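Listed here are the chains, written in short residue letters.
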Amino acid sequence: MKSESWEHVTLDGFLPLVIAASPTLVAICFREGHIVQVVAAVVAPVLAAFLRAAIGIHQLESVSGGHPNWGRQVLFSLGIVLLLLSEIFVSTLQFAQNESLAAWFFPAGLFCFYLTVMQLALSPDPDHQRQQLASTVENVLWD
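Because the structure is a prediction, the values reported are computed rather than measured. Residue numbers run consecutively from 1 along every chain, following the written order of its sequence. Two thresholds apply to this predicted model, a pLDDT of at least 70 for residue-level local features and 80 or more for giving and counting side-chain atom pairs, whereas whole-chain, interface and lining totals are computed over all residues. Processing note: side-chain calculations cover all non-hydrogen atoms of the structure and skip hydrogens and water entirely.

Participant: How would you sum up the packing of aromatic side chains? Please name residues and give values.
Facilitator: Aromatic pairs are defined between Phe, Tyr and Trp rings, using the six-membered ring for Trp, whenever the two ring centres lie within 6.5 Å; interplanar angles under 30 degrees are classed as stacked, those over 60 as edge-to-face, and all others as tilted. Within the structure shown, the criterion is met by 2 aromatic pairs. With 5.0 Å between their ring centres and 90° between their planes, Phe-89 and Phe-106 make a pair best called edge-to-face. Of the two residues, Phe-89 sits in helix α3 (residues 70–95) while Phe-106 sits in helix α4 (residues 105–122), which places them 17 residues apart along the sequence. Residue classification places Phe-89 among the partly exposed residues on the basis of a relative accessible area of 35%. Think of it this way: any DSSP run of H or I at least four residues long counts as a helix, any run of E at least two long counts as a strand, and we number them from the N terminus. Partly exposed residues are those whose accessible area sits between 20% and 50% of the maximum for their type, while under 20% is buried and over 50% is exposed, using a 1.4 Å probe and protein chains only.

Participant: Describe in detail the pattern of salt bridges, supporting the description with residues and values.
Facilitator: Here, a salt bridge means any side-chain nitrogen of Lys or Arg that lies within 4 Å of a carboxyl oxygen of Asp or Glu. In this structure the tally under the stated criterion is 1 salt bridge. The partner of Arg-52 in a salt bridge is Glu-87, with the nearest N and O atoms 2.6 Å apart. With Arg-52 in helix α2 (residues 35–63) and Glu-87 in helix α3, the pair connects residues that are 35 residues apart, well separated along the chain. For the pair formed by Arg-52 and Glu-87, the shared burial category is buried.

Participant: Run through α2, naming residues and quoting values.
Facilitator: Look at α2: 41 Å from first C-alpha to last across 29 residues, which is about the 42 Å you get at 1.5 Å a residue. Approximately 35° is the largest bend angle found in α2, and it occurs at Val-43, with the proline Pro-45 only one to four residues beyond. Taken together, the buried positions of α2 are occupied by Gln-37, Ala-40, Ala-41, Pro-45, Ala-48, Ala-49, Arg-52, Gly-56, Gln-59, Leu-60 and Val-63. Looking at the residues trailing α2, positive phi occurs at Gly-65, about 75°. Given a helix with a known number of residues, its expected span is that number minus one, times 1.5 Å. Two axes define the bend at a residue: one fitted to the seven residues ending there, one fitted to the seven starting there, and the bend is the angle between them.

Participant: Go over the nonpolar core with me, naming the residues and quoting the values.
Facilitator: Among the buried residues, those of types Ala, Val, Leu, Ile, Met, Phe, Trp, Tyr and Cys that are joined through side-chain atoms within 4.5 Å form a nonpolar core. If you look at the biggest cluster of nonpolar residues, it comprises 14 residues, and the most contacted ones within it are Phe-76, Ile-80, Leu-82, Tyr-114, Met-118 and Leu-122. For this core, the elements supplying multiple residues, two or more each, are α2, α3 and α4. In terms of residue count, α4 provides more of this core than any other element does, 6 residues in total.

Participant: Residues and numbers for a nonpolar patch on the surface, please.
Facilitator: Taken together, the side chains of Ile-35, Val-38, Val-39, Val-42, Val-43, Val-46, Leu-47 and Phe-50 make up a nonpolar region of the molecular surface, amounting to roughly 690 Å² of accessible area. Mapped onto the fold, Phe-50 is located in helix α2. Two joining distances apply to patches: 9 Å for like charges and 5 Å for nonpolar side chains (Val, Leu, Ile, Met, Phe, Trp, Tyr), and every residue must have over 30% relative accessible area and no salt bridge. In short, Shrake-Rupley with a 1.4 Å probe defines the accessible areas, and a residue's cover is counted only from the protein chains shown.

Structure representation (structure tokens):
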């Protein structure tokens, strides 16, 4: 049986990696102080957060039978904000000069907290799972 416990955490696939790598790619392609650095560090994570929200609406509905409760919505929103902050800190640290390794612990901690919050927000609803199982069994028996 396929484990679905962590598959929803990666709701946007490679987008976090692209956003995290974008400042480095910008630094390689453009001179220092270019406006594209600001876009890569601040605007790209914000746009990614909006994309995550759009994708997440459908995932919240799928794990809760079409009607996510307010608790799931709050957790999901908190998760998006945590990942947004983590990506902004990572982008900023990539452009910073001579930052210590300890400076990276804060965005790493935010990312771990994001994973935990998203796991809670997108864990399947037990009632919805029972209804799906009953529906599947009924379809198998009557087909």
